[in-house]
Amino acid sequence: MMKRNLITICRYTWLMLLIGACTLSASAAKKRSTKPVPRQTAAATVDTDSVERFSTLPLSQTFVDKQIDSLIVFARKYTGTPYRRGGKGPNRFDCSGFMQYVFNHFSCELNASSASQYLQGISVKDEKIRRGDLVFFKGRNSRRSTVGHVGLVTEVYPDGRFKFIHASTSQGIREDWSTSPYYALRYMGARRIYFAQIDQSVLLDAIINLEDVDNDLPFEVDNLSE
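Overview of the structure.

### Examining the sheet that holds strand β2 (residues 134–138)
Reading across the sheet, the six strands line up as β1-β6-β2-β3-β4-β5 and stay open at both edges, with antiparallel pairing between neighbours. Each end of this open sheet is capped by a strand with a single partner; those strands are β1 (122–124) and β5 (172–177). Taken over all neighbouring pairs, the strand axes of this sheet differ in orientation by 35 degrees on average, direction set aside. Sheet topology places strand β4 (residues 162–168) next to β5; six bridges connect them, and they run antiparallel. Bridged to His166 within β5 is Arg174.

### Looking at the nonpolar core
Considering soluble globular proteins, one finds that nonpolar side chains tend to be buried as a cluster. Among the nonpolar cores identified, the biggest contains 25 residues, and Phe98, Met99, Phe103, Leu134, Leu152 and Ile173 are the most heavily contacted of them. By residue number, the principal contributor to this core is helix α3 (residues 61–76), which donates six residues. Setting aside residues up to four positions removed in sequence, Leu134 forms contacts with Met99, Phe103, Leu110, Val150, Gly151, Leu152, Gly189, Ala190, Arg191 and Ile193. Formed by 10 residues, the second largest nonpolar core is a distinct cluster that contains Val124, Ile129, Val153 and Tyr182.

### What about the layout of surface pockets?
In this model, the largest pocket occupies a volume close to 430 Å³. Every residue lining the largest pocket is counted, 21 residues in all, and those nearest its centre are Tyr83, Cys95, Ser114, Gly148 and His149. Of all the secondary structure elements, the ones that give two or more residues to the lining of the largest pocket are α4 (95–105) and β3 (147–156). The dominant element in the lining of the largest pocket, judged by the number of residues it contributes, is β3, at three residues. When its residues are assigned to classes, the lining of the largest pocket shows five nonpolar, 10 polar and six charged.

### Topic: the pattern of salt bridges
Within this structure, the stated rule accounts for seven salt bridges. Between Arg192 and Asp133 there is a salt bridge, with its nearest N and O atoms 2.8 Å apart. Linking Arg192 in strand β6 (residues 187–192) with Asp133 in the loop between β1 and β2, this pair joins segments that are 59 residues apart in sequence. Its relative accessible area of 14% is what places Arg192 among the buried residues. Put simply, Asp176 and Arg174 hold a salt bridge, and the shortest N to O gap is 2.9 Å. The exposure classification of Asp176 matches that of Arg174, with both residues buried.

Conventions used here
- Sequence order sets the numbering: in each chain, residues are counted from 1 along the sequence as written.
- With the structure being a predicted model, the display of local features is reserved for residues of pLDDT at least 70 and the display and counting of side-chain atom pairs for 80 or more, all residues being used for whole-chain, interface and lining totals.
- The basis for every side-chain value is the complete set of heavy atoms in the structure, and neither hydrogens nor water enter the calculation.
- The pairing criterion is simple: DSSP has to find at least two bridges between the two strands.
- Only DSSP runs of H or I reaching four residues or more are called helices, and only runs of E reaching two or more are called strands; each is numbered from the N terminus.
- A fitted line through C-alpha atoms represents every axis, and for helices the fit uses only the stretch in contact; the resulting angles, taken between N-to-C directions, go from 0 to 180 degrees.
- Only buried residues count toward a nonpolar core. Its members are Ala, Val, Leu, Ile, Met, Phe, Trp, Tyr and Cys residues joined through side-chain atoms within 4.5 Å.
- For the exposure calls, accessible area comes from a 1.4 Å probe over protein chains only, and a residue counts as buried if that area is under 20% of its type's maximum, exposed if over 50%, partly exposed in between.
- Residue contacts are counted whenever heavy atoms from the two residues lie within 4.5 Å of one another.
- Definitions used throughout: a 1 Å grid over protein atoms alone; a cavity as a set of points that fits a 1.4 Å probe which cannot get out; a pocket as an open set with protein on both sides within 12 Å along at least five of seven lines; a lining residue as one with an atom within 4 Å of a point.
- Grid points are joined across faces, edges and corners, and a volume is the space filled by probe spheres set on the points.
- Think of it as three bins: nonpolar holds Ala, Val, Leu, Ile, Met, Phe, Trp, Tyr, Cys and Pro, charged holds Asp, Glu, Lys and Arg, and polar takes everything else, Gly as well.
- When a carboxyl oxygen of Asp or Glu lies within 4 Å of a side-chain nitrogen of Lys or Arg, that pair is called a salt bridge.

Structure (structure tokens):
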């Protein structure tokens, strides 16, 4: 009789332990389903921060400056090349064809027209304009609020003025001032093309030795040119 009672007590004790274990397991499962696991949350945060740091990490400023120098030097090689509507180079250019030709040399594709190029890259505030940016202007009719002309910024000055190289209808490829009355009246805005989008291996091959280039180019100011 005593032996039977002992077995009963043992079975009851085992049953209570089993019920308790199940209860604890269910409670733990409920907590996991309602609250995120700290380790997983921390890992996600670290990954996000890493991605943000990587995506905002700029290229070496020296490398970017050298890219822009090469872009401008290449564009200046075509100074004096005649204008032709629809001209894509290298012997004749219109404004958008010239920009397309210059950027294509550095493996960066631009759209075919100045209006469609105005949709590329990112918008740049006037006070943030720098060398290598594209600047856009209205066409001959200054009353129309549509893009009709584009140029490439070659020099920027502390007072906000800048020079840009472009295909003018009267004198072909040349540089002009942003303060020229004709262009100041028609200026619409600037866009920046990310060099990070360009194949850097091609850029490295395209970068020329700037020490062998004569940068002392004559600059002619003509307020009535286009």
